[in-house]
Amino acid sequence: MSAQRGEFGSRLGFVLAAAGSAVGLGNIWKFPYEVGNGGGAAFVVLYLFFCFLLCFPVMVAEISIGRKTNRNPAGAFEALGYKKWSIVGKLGIFCGVLILSYYNVVAGWAFGYFFEMVSGNFAIAENFGAYVSDVTKVGLYGLIFMSVTAFIVSGGVQQGIEKAAKILMPSLLTIIFFLVIYAMTLPNAMEGLKFYLVPDFSKMNLQVIYGALGQAFFSLSLGMGALITYGSYVSKKENIVQSAALITLTDVGIAVVAGLMIFPFVFYQGLGPQQGPGLVFVALPGVFETLGPVLGVVIGSLFFMLLSFAALTSTVSLLEVPVSYLVDEKNMARKKAVWLTAGVIFLVGIPSLLANGASDFFSQFTGFLGSDTPTDFMTLVGYIANDSFLPLGGLLISVFAAYIWKKENLSKEISIGYEGYEGSFVQTFINFVISYLAPVVLGIVALLTILNRFLGITLI
Ligand code: PFF
């Protein structure tokens, strides 16, 4: 094992860092617009189902693989004696690079919005299109964001991020709760809540199922080895199941509450919920404005500052995945690995930066490839990385844990730190999900998607 590997300082430190990885733009930026596109509450029901019944056991498996081996995602499979399976880890690392490349762009938008709110520029909402296509400006914000991420990762996760997460996570929650209560008092709030909470199952189709599944994996930072990596820094005293439950509950809780805030805001302003990636950026500033010039500026800037911090704990974990690989497998010094990876990923993100109006080619990307309904490059990367690779990674990790490494070994690892695990209902549930439910559900969705996307056959 490389001497440069770290370890989380405390139990709380691990849970906070992993929850920090999970809670991010996915909860507050992506979840609401996915719900909007997915037709509302039907999407929410599916998302909850996937998070608790499918993803939670996969999370336990990921953390266990990491803790057992003390290695990065690719090295972990090899350390267990299955060299060929390290391809799953490598796919995860590649996926992390793709996700961070565009995630950082959006984090840059949020960071820039902080300054807009400080200067009281609520009208930015109407000029969102111009804002995101101003490449020099948002590019600079993105560059700063990536540098801050790299700076934190280069120092090791323990000191900076553990401490920051302890202050920032509760602050974010407080602000969101305040805004939820305010949202409920607005005219049309009920209409928004109805859209969000009353399911209309006629809106459910393969696209919605697929989106909800991808969102569940994305939101929980699963399927690409981020939790193998964080698990590799966890001590043997840790109760993995309990920690995974805390991480899942925090993440899902914050996503659900963020929806309670956003949808009343959206309907109050007479906007449609199908605004796509601009939803939060378009719906919020106008609401802050109604709070008055002083309170509006305070709450608005606080909100986007905290959103940026929520994103930061996620970008840190995304960067940590390829870095841990270079440190473990290539014996690279941590600092060198960090700055090299961050630089490359920033460059990989440039097409995404240009995909929001600055360049026609990247903004209408699939149109140039012959599609009638053009998708921009950034959205396309999201489809590939979040919605395809993550569930595929989850499928492979489940199959690996259940049938290759084997359930008995998984159970043995979980039992360390969790007395009484063997023979418990929790064990039966986790084993059932990773052996049957996850492979079957993820396999069927993958099959339907292949039929649909590549062969044009639609079964649902
Ligand atoms: N879970 C993060 C979010 O919801 O914003 C995104 C993410 C972080 C995905 C880390 C994957 C990952 F490994």
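Up top is the structure these notes are about.
Here we summarise the structure given alongside this text. A quick note: this is a predicted structure, and the numbers were derived from the prediction, not measured.

### Concerning the site of the ligand
Then, number 1: Residues in contact with the ligand amount to 15 residues; listed here are only the nearest, Ala 22, Gly 26, Tyr 103, Phe 218 and Ser 221.
Then, number 2: Ala 22 places a polar main-chain atom, nitrogen or oxygen, 2.9 Å from an oxygen atom of the ligand.
Then, number 3: A distance of 3.0 Å is found between a nitrogen atom of the ligand and a side-chain nitrogen or oxygen belonging to Ser 221.
Then, number 4: Relative to its free-state accessible area of 340 Å², the ligand is covered by the protein chains to the extent of 100%.
Then, number 5: Going through the elements one at a time, helix H1 (11-22), helix H2 (25-37), helix H10 (206-219) and helix H14 (293-329) are the ones with two or more residues in the shell around the ligand.
Then, number 6: Class assignment for the residues of the shell around the ligand results in 7 nonpolar, 8 polar and no charged.

### Focus on the nonpolar core
Then, number 1: Within the largest apolar cluster, 164 residues are counted, with the highest numbers of intra-cluster contacts made by Ile 99, Trp 109, Phe 288, Phe 303 and Phe 304.
Then, number 2: Of the residues forming this core, the biggest block, 18 residues, is contributed by helix H5 (residues 86-118).
Then, number 3: Those residues in contact with Trp 109 that sit more than four places away from it in its chain are Phe 128, Tyr 131, Val 132, Val 138, Pro 277, Phe 281, Asn 356 and Met 378.

### Observations concerning helix H13 (residues 279-290)
Then, number 1: Counting buried residues in H13 gives 10 out of 12 residues, a clear majority hidden from the surface.
Then, number 2: Taken residue by residue, H13 has Leu 279, Val 280, Phe 281, Val 282, Ala 283, Leu 284, Pro 285, Gly 286, Val 287 and Phe 288 as its buried positions.
Then, number 3: A positive phi of about 95 degrees marks Gly 292, the residue just after H13.

### Some points on the packing of H1 against helix H12 (residues 240-268)
Then, number 1: In the contact formed by H1 and H12, the axes pass within 9 Å of each other and the chain directions differ by 40 degrees. Considering how the two elements wind past one another, H1 and H12 form a crossing that is right-handed. Taking contact as the criterion, the partners of Arg 11, Phe 14, Val 15, Ala 18, Ala 19 and Ala 22 in H1 are, on H12, Gln 242, Ser 243, Leu 246, Ile 247, Thr 250 and Asp 251.
Then, number 2: A class-by-class count of the residues in the contact of H1 with H12 yields 7 nonpolar, 3 polar and 2 charged.

### A word on the packing of H12 against H13
Packed helix pairs are specified by the crossing angle of their axes together with the interaxial distance, meaning the distance between the axes.
Then, number 1: Relative orientation of the contacting elements H12 and H13 amounts to 75 degrees, with a least axis distance of 9 Å. In terms of axis orientation, H12 runs roughly perpendicular to H13. Taking contact as the criterion, the partners of Ile 262, Phe 265, Val 266 and Tyr 268 in H12 are, on H13, Leu 279, Val 280, Ala 283, Leu 284, Val 287 and Thr 290.

### Let's talk about the pattern of salt bridges
Then, number 1: Under the counting rule described, the total for this entry stands at 8 salt bridges.
Then, number 2: Salt-bridge contacts for Glu 238 lead to Arg 11; the nearest nitrogen and oxygen are separated by 3.1 Å. Of this pair, Glu 238 sits in the loop between helix H11 (226-231) and H12 while Arg 11 sits in helix H1, and the two are 227 residues apart along the sequence.
Then, number 3: A salt bridge links Lys 236 to Glu 413; its shortest N-O distance comes to 2.9 Å.

### Focus on the packing of aromatic side chains
Then, number 1: Counting across every chain of the model gives 40 aromatic pairs.
Then, number 2: Here Phe 8 and Tyr 230 contribute two aromatic rings whose centre-to-centre distance is 5.5 Å and whose plane-to-plane angle is 80 degrees, an arrangement assigned as edge-to-face. Placement of Phe 8 in the segment before H1 and of Tyr 230 in helix H11 is noted, with a sequence separation of 222 residues between them. A single burial state applies to Phe 8 and to Tyr 230, both of which are buried.
Then, number 3: Aromatic ring contacts, followed pair by pair, group Trp 109, Tyr 113, Phe 128, Tyr 131, Phe 281, Phe 288, Phe 303 and Phe 304 into a single cluster.
Then, number 4: The residue whose ring lies beneath Lys 30 is Phe 218, and the NZ or CZ to ring-centre distance is 5.2 Å.

### Considerations on the side chain of Asp 251
Then, number 1: With respect to the helices, strands and loops of the structure, Asp 251 is situated in helix H12.
Then, number 2: Salt bridges are absent for the buried Asp 251, whose nearest opposite-charge side chain, Lys 30, sits at 12 Å.
Then, number 3: Those residues within four positions of Asp 251 in sequence are excluded, and the remaining contacts are Ala 22, Val 23, Asn 27, Tyr 47, Ser 219 and Leu 220.

### Considering helix H7 (residues 135-154)
Because each turn of an α-helix spans 3.6 residues, side chains separated by three or four positions in sequence point in the same direction.
Then, number 1: Between its first and last C-alpha, H7 extends 27 Å over 20 residues, near the 28 Å set by a 1.5 Å rise per residue.
Then, number 2: For H7, the full list of buried residues reads Val 138, Gly 139, Tyr 141, Gly 142, Phe 145, Met 146, Thr 149, Ala 150, Ile 152, Val 153 and Ser 154.
Then, number 3: Just downstream of H7, Gly 156 is the residue with a positive phi angle, here 85 degrees.

### Some points on unusual backbone geometry
Then, number 1: Not every positive phi belongs to a glycine, and Asn 70 is a case in point at roughly 50 degrees.
Then, number 2: Note that Asn 70 resides in the loop between helix H3 (41-69) and helix H4 (73-79).
Then, number 3: Judged by its relative accessible area of 23%, Asn 70 is partly exposed.

### Here we look at the side chain of Glu 62
Then, number 1: Position of Glu 62 relative to the elements: it lies in helix H3.
Then, number 2: Among the polar contacts made by the side chain of Glu 62, one reaches the main-chain amide nitrogen of Leu 227 at a distance of 3.2 Å.
Then, number 3: Excluding residues within four positions of it along the chain, Glu 62 makes contact with Leu 222, Gly 223, Met 224, Gly 225, Ala 226, Leu 227, Ile 228 and Ile 397.

Rules and cut-offs
- Residues numbered from 1 in each chain as written.
- Predicted model: local features only at pLDDT ≥ 70, side-chain atom pairs only at ≥ 80, totals over all residues.
- Heavy atoms only, no water.
- Near = heavy atom within 4 Å.
- Polar contact = N/O pair within 3.5 Å; in protein donor to acceptor, adjacent residues only side chain to side chain.
- Areas by Shrake-Rupley, 256 points an atom, 1.4 Å probe, with all protein chains shown as cover.
- Helix = DSSP H or I, 4+ residues; strand = E, 2+ residues; numbered from the N terminus.
- Nonpolar A, V, L, I, M, F, W, Y, C, P; charged D, E, K, R; others polar.
- Core = buried A, V, L, I, M, F, W, Y, C linked by side-chain atoms within 4.5 Å.
- Buried < 20%, exposed > 50% of the residue type's maximum accessible area, 1.4 Å probe, protein only.
- Contact = heavy atoms within 4.5 Å.
- Axes fitted to C-alpha atoms, helices over the stretch in contact; angles between N-to-C directions.
- Left-handed = near helix turned anticlockwise from the far one by under 90°.
- Parallel < 35°, antiparallel > 145°, perpendicular 65-115°, else oblique.
- Salt bridge = Lys/Arg side-chain N within 4 Å of Asp/Glu carboxyl O.
- Phe/Tyr/Trp six-rings, centres within 6.5 Å; stacked < 30°, edge-to-face > 60°.
- Lys NZ or Arg CZ within 6 Å of the ring centre and 35° of its normal.
- Lys, Arg positive; Asp, Glu negative; His and termini not counted.
- Expected span 1.5 Å × (residues − 1).

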